[in-house]
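What the coordinates show
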Amino acid sequence: MSKPNHPRMLAETEAEAVLRNIRVSPRKLNIVATSIRNLPAGRAIAELTFSKKRIAQDVKKLLQSAVANAENNHQLDVDRLVVTTAEVGRGIVMRRFQARGRGKAARVEKWFSHLRIVVAERDIVTKAEKRASSARGVSAAGRNRPVDAAGPIIEGAQA
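Residue numbering note: each chain is counted from 1, following its sequence as written. With pLDDT at 70 or above as the cut-off, local features in this predicted model cover only qualifying residues; side-chain atom pairs require 80 or more to be listed or tallied, and sums for whole chains, interfaces and linings still use all residues. The basis for the side-chain values is all heavy atoms of the structure; hydrogens and waters are excluded.

Every patch collects residues that have over 30% relative accessible area and no salt bridge, joining them within 9 Å if they carry like charges and within 5 Å if they are nonpolar side chains (Val, Leu, Ile, Met, Phe, Trp, Tyr). A 1.4 Å probe and the Shrake-Rupley method give the accessible areas. Residues count as covered only by the protein chains that appear here. Each reported salt bridge corresponds to a side-chain nitrogen of Lys or Arg within 4 Å of a carboxyl oxygen of Asp or Glu. By the counting rule applied here, Lys and Arg register as positive and Asp and Glu as negative, while His and the ends of each chain are not counted. Think of each charge as sitting on NZ of Lys, CZ of Arg, CG of Asp or CD of Glu. Where like charges cluster on the molecular surface, the positive patch consists of Arg23, Lys28, Lys53, Arg54, Arg96 and Lys110. Within the secondary structure, Arg96 is located in strand E2 (residues 81-99). Going along the chain from the N terminus, every DSSP run of H or I of four or more residues is numbered as a helix, and every run of E of two or more is numbered as a strand.

What follows is the structure, encoded as structure tokens:
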């Protein structure tokens, strides 16, 4: 007897890729992960390509893997993919010792991290489209509603 299949935790329009035990501290990796969150996948790959951080190339490879998973395993449209989450977690910690003066030693901690990237298929709205919709008087939340010609009624004012 084998165990039953594990249910899928993601939606049908999402795909993920996970990289474990990356030799960089979670704090440094989170800076790179923050730079790609909520970006379209193509733009996120471009950001990582020209980033000066050393770990950005590994994150780029993982993002490309997530895009490939979305295309091949879930038949999602690559042009409509957006990086919804980029989660950084703590991995193992290698502890080493460095010699100090007077026969003492200091502990050096070498942190490892985990990274999980989820891409989802969404309609991508550009800045030009956002500006055009706000110029028409319709905001994303629908707050800009037309006011009648008389204007707002103020109580206690004489007409």
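So, next bit.
Within this structure, the stated rule accounts for five salt bridges. Note that Glu87 is salt-bridged to Arg116, the shortest N-O span being 3.1 Å. A residue pair is termed long-range when its members are at least 10 positions apart, and Glu87 in strand E2 and Arg116 in strand E3 (residues 105-121) qualify at 29 residues. We call a residue buried when its accessible area falls under 20% of the maximum for its residue type, exposed when it is over 50%, and partly exposed in between, using a 1.4 Å probe and counting protein chains only. Residue class for Glu87 comes out partly exposed when judged on its relative accessible area of 39%. Here the residues in one salt-bridge network are Glu16, Glu87 and Arg116, joined through shared partners.

The next thing to look at is the sheet that holds strand E1 (residues 14-22). Two strands form a pair only when DSSP identifies at least two bridges running between them. On the basis of which strands lie adjacent, the open sheet formed by three strands has the order E1-E3-E2 and antiparallel pairing. In the strand order of this sheet, the two ends are held by E1 and E2, each with one partner. Each neighbouring strand pair of the sheet contributes to a mean axis angle of 10°, computed without reference to strand direction. Examined bridge by bridge, E1 and E3 share seven bridges and lie antiparallel to one another. Directly across from Ala15, in E3, lies its bridge partner Val119. All axes are obtained by fitting lines to C-alpha atoms, using only the stretch in contact for helices, and the reported angles, taken between N-to-C directions, cover 0 to 180 degrees.

Next up on the list: the packing of aromatic side chains. Ring pairs are drawn from Phe, Tyr and Trp, using the six-membered ring of Trp, whenever the two centres fall within 6.5 Å, and their geometry is named by plane angle: stacked under 30 degrees, edge-to-face over 60, tilted for the rest. One pass over the full model with this rule turns up zero aromatic pairs. Two thresholds decide whether a charge sits over a ring: the Lys NZ or Arg CZ must be within 6 Å of the ring centre and within 35 degrees of the ring normal. One cation-aromatic arrangement involves Arg23 over Phe112; the distance from NZ or CZ to the ring centre is 5.4 Å.

This paragraph deals with the side chain of Ser113. The residue Ser113 is located in strand E3 in this model. A polar contact is formed between the side chain of Ser113 and the backbone oxygen of Val24, at a distance of 2.4 Å. The contact criterion used throughout is that any non-hydrogen atoms of two residues lie within 4.5 Å. Non-local contacts of Ser113, meaning those with residues more than four positions away in its chain, are made with Leu19, Arg20, Asn21, Ile22, Val24, Ser25, Pro26, Leu29, Val88, Gly89, Arg90 and Gly91. Counting of polar contacts relies on pairs of N or O atoms within 3.5 Å, with two restrictions inside protein: one atom must be capable of donating a hydrogen and the other of accepting it, and residues adjacent in sequence are counted only when both atoms are side-chain atoms.

Before going further, it helps to spend a moment on the environment of Ala68. Position of Ala68 among the secondary structure elements: in helix H3 (residues 56-74). Distance in space between the C-alpha atoms of Ala68 and Glu16 is 9.6 Å, their sequence separation being 52 residues.

Any functional reading would require information that these geometric values do not contain.
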